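Coordinates in review
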Amino acid sequence: MKSTISKSSSSLNKIALANKVTNLLARYGIVLAFFLLCGVLSLLSEYFLTTQNLSNILLQVSINGVMAIGMTFVILTGGIDLSVGSVLAFSGMVAASFVHGDTPSSLWVAIPMGMLVGAVCGGVNGLLSARFNIPAFVVTLGMLSAARGLTQIYSNGMPISELSDSFLWIGQGRIFSIPIPVLILFSMLALSWVILRYTRFGRYVYAVGGNEKSARTSGISSIKVKIAVYAIAGLCSALAGLMVTARTTSALTQAGMGYELDAIAAVVIGGTSLSGGVGTIGGTLIGILIIGVINNGLDLLGVPSGYQQVIKGIVIALAVLLDRSSKRS
């Protein structure tokens, strides 16, 4: 009898241990994967762990990181935004038009105008998707085309250069040797983390993504929440557009092409569920860094760009498969 009880207790302990390990992997597996990736790349390239290269990685991921923050809000509600790259280009073009030439307008005019364009584009996405029940994929695909076309029309298909030095500082300046884009990224991460973790709006975002019907039953306006998260995505895209324009010293009509894929990839790799309701800004940060490290590591190893796209595609597919399998579990 004692032997049976002892065996049963031992089995329960093993099950409990296995469950604990599984939970730890589910919670911190992406962090472990990030450090393993860094370890492998440091062995393959002697330049990977240099201070200069690590600083370059942070600078390179800053633009995609800001976009991914906005995308996190959208995906948490169960939506998707394919228009962020085009909104980035349109916002950057509008802002650049105010700081171009011999007598540029004030920086305090250019920035709000660029941000307003992003917010309006995002708000329209949210309104059409939430109010008229049009799938977000279709709405944002339409905005992807419309915003790109508006960028061409606004600039007559020409780039805008000769921007003011005060504007260029957004993309090229430094404070205590830290690049301004990196400071913008971490400021946005901190602000978004506070919003999602400690505000009523943050709780509403998770509620709508987790179960929209229950959220409406409890008095939450899912339409207002969805419009707000798409507007936030638009604002983040506009901010990224200002950073790109200032960093490259000109606003280009083709800016931001394909950026939406990296933004979505960073969010999904970071553990945010495409079904909504599950995810964190901390996870998105890890996803951003993983995408940046992969890009940087493949460049250091001399991998052709075509193969880089294939590898990133495989990483995205694996992240989605893990998301699906975890939801089934």
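The following paragraphs examine the structure supplied in this document. Given the structure is predicted, the values throughout are model-derived calculations rather than measurements.

Here we come to the pattern of salt bridges. Evaluated as defined, the whole model comprises two salt bridges. We note a salt bridge from E212 to R216, for which the minimum N-O separation is 3.1 Å. Of the two residues, E212 and R216 both sit in helix α9 (residues 212–217), four residues apart, roughly one turn of that helix. Given a relative accessible area of 45%, R216 falls into the partly exposed group. Salt bridges sharing partners connect three or more residues here, namely E212, R216 and K226.

Our focus in this paragraph is the packing of aromatic side chains. Tallied over the entire structure, the rule returns three aromatic pairs. Measuring from ring centre to ring centre gives 6.4 Å for F90 and Y154, while their planes differ by 75 degrees; the resulting arrangement is edge-to-face. Of this pair, F90 sits in helix α3 (residues 84–98) while Y154 sits in helix α5 (residues 136–155), placing them 64 residues apart in sequence. Classification of F90 as buried rests on a relative accessible area of 11%. The interplanar angle of 80 degrees and the centroid separation of 5.4 Å between the aromatic rings of W193 and Y198 together place this pair among those described as edge-to-face. A relative accessible area of 40% places W193 in the partly exposed class. Looking at Y198, the relative accessible area reads 52%, which means it is exposed.

Time to look at the packing of α3 against α5. Between α3 and α5, whose axes approach to 7 Å, the crossing angle comes to 25 degrees. One element, α3, and the other, α5, form an angle in the roughly parallel class. α3 and α5 meet at a crossing whose hand is left-handed. In this structure, α3 uses G85, S86, V87, A89, F90, M93, V94, S97 and F98 to contact α5, whose residues at the interface are M143, L144, A147, R148, L150, T151, Y154 and S155. Residue classes in the contact of α3 with α5 are distributed as 11 nonpolar, five polar and one charged.

Summarising the element assignment, S45 is placed in the loop between α1 (2–44) and α2 (51–76). Discounting chain neighbours no more than four positions away, the residues touching S45 are L300 and L301.

What counts, and where the lines are drawn
- Residues numbered from 1 in each chain as written.
- Predicted model: local features only at pLDDT ≥ 70, side-chain atom pairs only at ≥ 80, totals over all residues.
- Heavy atoms only, no water.
- Salt bridge = Lys/Arg side-chain N within 4 Å of Asp/Glu carboxyl O.
- Helix = DSSP H or I, 4+ residues; strand = E, 2+ residues; numbered from the N terminus.
- Buried < 20%, exposed > 50% of the residue type's maximum accessible area, 1.4 Å probe, protein only.
- Phe/Tyr/Trp six-rings, centres within 6.5 Å; stacked < 30°, edge-to-face > 60°.
- Axes fitted to C-alpha atoms, helices over the stretch in contact; angles between N-to-C directions.
- Parallel < 35°, antiparallel > 145°, perpendicular 65-115°, else oblique.
- Left-handed = near helix turned anticlockwise from the far one by under 90°.
- Contact = heavy atoms within 4.5 Å.
- Nonpolar A, V, L, I, M, F, W, Y, C, P; charged D, E, K, R; others polar.

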